[in-house]
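These are the residues of each chain, in order.
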Amino acid sequence: MTIHPWYRLDDSGQRLTLTLHIQPGARVTSVAGLHGGALKIKIAAPPAEGKANAALAAFLSEAFNVPLRQITVKLGSQGRHKVVEIEHPNNPPESLLA
């Protein structure tokens, strides 16, 4: 298992777990860099009625080239600190920082 402060990749490389700090209500959805032990992502959606979570899932789906069904918010669905799991990612986690 590969462990970094903001992500873990299992030994098979088939399950990626991200630790994220989310800032909803941004002008544009983008990666803002590292925030403590998490990756900070600005989301261009309000934090109401699951809109920010849906926008985050769509952003991660595109970034990792996976269908939405392969993205799960494991912890923090109602807060800014989230743990998200991505099954069978097609891009490395470091690609978010590029």
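See the structure shown above.
The shown structure was predicted, so the numbers you read here are calculated from the model rather than taken from an experiment.

Undergrad: Help me understand the packing of aromatic side chains in this model?
TA: Both the distance between ring centres and the angle between the ring planes are used here to describe each pair of aromatic rings. For the coordinates displayed, the defined rule picks out 1 aromatic pair. Look at Trp6 and Tyr7: their rings are 4.8 Å apart centre to centre, the planes differ by 70 degrees, and that puts the pair in the edge-to-face class. Taking relative accessible area as the criterion, Tyr7 reaches 5% and is therefore assigned buried.

Undergrad: Where do I start with helix α1 (residues 51-64) in this structure?
TA: For an α-helix the count is 3.6 residues per turn, leaving residues at separations of three or four pointing the same way. Between the first and last C-alpha of α1 there are 20 Å, a value that for 14 residues agrees with the 20 Å anticipated at 1.5 Å per step. Within α1 the residues assigned to the buried category are Ala52, Asn53, Leu56, Ala57, Leu60, Ser61 and Phe64. Tucked inside the fold, the buried residues of α1 contact β3 (15-24), β5 (38-43), β6 (71-75) and β7 (81-87). The first or second residue beyond α1 is Asn65, which carries a positive phi of 55 degrees.

What counts and how
Residues numbered from 1 in each chain as written. Predicted model: local features only at pLDDT ≥ 70, side-chain atom pairs only at ≥ 80, totals over all residues. Heavy atoms only, no water. Phe/Tyr/Trp six-rings, centres within 6.5 Å; stacked < 30°, edge-to-face > 60°. Buried < 20%, exposed > 50% of the residue type's maximum accessible area, 1.4 Å probe, protein only. Helix = DSSP H or I, 4+ residues; strand = E, 2+ residues; numbered from the N terminus. Expected span 1.5 Å × (residues − 1). Contact = heavy atoms within 4.5 Å.

The quantities given are spatial measurements derived from coordinates; they are silent on function.
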